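An overview of the molecular structure
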Amino acid sequence: MQKIKTSLLNLFDRLERISDTFGGNTVVLLAISLVLAAGMLVLNDRLIINTREKTDALSSLDGLLVETWQVRARLAVAESAQRGYLLTRSDEYFRPYDEATTQISMHLHTMDALLTKTSLAEYAELQTTMNEIASSISKKSAEMSVCIDLAKKRQFDKALAVVRLDTGMKESRNIESLSKRFEQQVAQIRIELVDNRNAARRITRWCVMACPLIFVTLVVMVIRRLLREL
């Protein structure tokens, strides 16, 4: 304990000599203390905001992945209902088809809302891929809609002719390819965001520990100088 006390006193003496070398005085030390305290508070606030922004961006990315998986699942349901109706000609397939297509529109709207959030606005490649996915889904939905409308009119030959064009199959493969690219982009951006957030947290932690230590050190130096002057 005595060694620690002696070491601290020696440290303060050394700091005071350094301060004297640069012409320091009590007022200057007090001013430095206040400036450092204010600077640390501003820096901590900025780092906390940065960490919150990165966390929000990560949450949005996770939401995008979930919505992408939901869209692909609903597309599979709609396509299955379309084929089931053409094979069985049972009106029972209309309800799952209509529900799936409605849910697809809802998921696409949610994905667009997530992409336009401020936290993800800087990632143009995500928006580009999303636009391509939405376009491909629109083409796929149009093909299924035409087929179902023809089938409802009992024009089954024309409906089957639309299916045989393989337009829907091509769009399904395109959607799958684009979705994989989208997931890879999200994964890469997620790694970057996690690294940046962890770095900001480490700096925040160091600032939180360093701020009081620096401030207390300067205050002790001011008190020692005042006592010495008295």
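It should be noted that the structure appears before, not after, this text.
A few points on the structure. As the structure is a computational prediction, the values presented were derived from the model and not from experiment.

1. Some thoughts on the overall build of the chain
Within the chain, the secondary structure is distributed over six helices and zero strands. Ordered by position from the N terminus, the helices and strands of the chain form the series α-α-α-α-α-α. Considering only intrachain contacts with a sequence separation of at least 6, the fraction spanning at least 24 residues in the chain is 84%. Total accessible area on the chain stands at roughly 14,100 Å², and carbon and sulfur atoms take up 61% of it.

2. What about the pattern of salt bridges?
Side chains carrying opposite charge are able to pair once their charged atoms draw close together. Inspection of every chain in the model, using the stated rule, returns seven salt bridges. For the salt bridge of Glu79 with Arg83, the shortest nitrogen-to-oxygen distance reads 3.1 Å. On the criterion of helical spacing, the pair formed by Glu79 and Arg83 is a turn pair, its members being four residues apart in helix H2 (residues 26–88). Given a relative accessible area of 43%, Arg83 falls into the partly exposed group. Look at the salt bridges and you will find they share partners, linking Glu79, Arg83 and Lys140 into a network.

3. Brief notes about a nonpolar patch on the surface
Together, Val219, Ile223 and Leu227 make up an exposed nonpolar region whose accessible area comes to about 260 Å². Position of Val219 relative to the elements: it lies in helix H6 (residues 167–229). Judged by its relative accessible area of 31%, Val219 is partly exposed.

4. Describing helix H4 (residues 124–152)
Taking 1.5 Å of rise per residue, 29 residues should cover 42 Å, and H4 covers 42 Å from first to last C-alpha, within 8% of that figure. Arg154, located one to two residues past H4, shows a positive phi value of around 65°.

5. A closer look at the packing of helix H3 (residues 94–115) against H4
Direction vectors running N to C along H3 and H4 enclose 165°, while the axes themselves pass 11 Å from each other. As far as their axial angle goes, H4 and H3 are roughly antiparallel. Two packed elements cross with a definite hand, and for H3 against H4 that hand is left-handed. Contact residues: Phe94, Tyr97, Ile104, Leu108, Met111, Asp112 and Leu115 in H3; Leu126, Gln127, Met130, Ile137, Ser141, Met144, Ser145, Ile148 and Lys152 in H4. Its residues assigned to classes, the contact of H3 with H4 comprises eleven nonpolar, three polar and two charged.

6. Section: the environment of Ile148
As for its placement among the helices and strands, Ile148 is situated in helix H4. Residue Ile148 is classed as buried on the basis of its relative accessible area of 3%. In this structure, the C-alpha to C-alpha distance between Ile148 and Tyr97, residues 51 residues apart in sequence, is 9.4 Å. With residues near it in sequence (within four places) discarded, Ile148 still touches Gln82, Phe94 and Tyr97.

7. With respect to the nonpolar core
One finds Leu61, Leu64, Leu75, Leu126, Ile137, Phe182 and Leu193 to be the most contacted residues of the largest nonpolar core, which totals 39 residues. At eleven residues, the largest contribution of residues to this core is made by H2. Ignoring anything within four residues of it in the chain, the contact list for Phe182 reads Leu64, Thr68, Met111, Leu126, Thr129, Met130 and Ile133.

8. Let's talk about a negative patch on the surface
On the surface, Glu122, Glu125, Glu192 and Asp195 cluster together into a patch of negative charge. Take Glu192: it is sitting in helix H6.

9. Notes on the side chain of Glu143
Mapped onto the fold, Glu143 is located in helix H4. For Glu143, which is buried and forms no salt bridge, the nearest opposite charge comes from Lys140, at a distance of 4.1 Å. Those residues in contact with Glu143, other than ones at most four positions away along the chain, are Gln82, Val162, Val163, Thr167 and Gly168.

10. So, the packing of H4 against helix H5 (residues 156–164)
Contact pair H4 / H5: the axes reach a minimum separation of 7 Å and the direction vectors enclose 165°. When the interaxial angle is binned, H4 and H5 end up roughly antiparallel. H5 is crossed by H4, and the crossing has left-handed handedness. Residues Glu143, Val146, Cys147, Leu150 and Ala151 of H4 form the contact with H5, whose own contacting residues are Phe156, Lys158, Ala159, Val162 and Val163.

Analysis parameters
Residues numbered from 1 in each chain as written. Predicted model: local features only at pLDDT ≥ 70, side-chain atom pairs only at ≥ 80, totals over all residues. Heavy atoms only, no water. Helix = DSSP H or I, 4+ residues; strand = E, 2+ residues; numbered from the N terminus. Contact = heavy atoms within 4.5 Å. Areas by Shrake-Rupley, 256 points an atom, 1.4 Å probe, with all protein chains shown as cover. Salt bridge = Lys/Arg side-chain N within 4 Å of Asp/Glu carboxyl O. Buried < 20%, exposed > 50% of the residue type's maximum accessible area, 1.4 Å probe, protein only. Patch = residues over 30% accessible without salt bridge, like charges linked within 9 Å, V, L, I, M, F, W, Y side chains within 5 Å. Expected span 1.5 Å × (residues − 1). Axes fitted to C-alpha atoms, helices over the stretch in contact; angles between N-to-C directions. Parallel < 35°, antiparallel > 145°, perpendicular 65-115°, else oblique. Left-handed = near helix turned anticlockwise from the far one by under 90°. Nonpolar A, V, L, I, M, F, W, Y, C, P; charged D, E, K, R; others polar. Core = buried A, V, L, I, M, F, W, Y, C linked by side-chain atoms within 4.5 Å. Lys, Arg positive; Asp, Glu negative; His and termini not counted. Charge placed at Lys NZ, Arg CZ, Asp CG, Glu CD.

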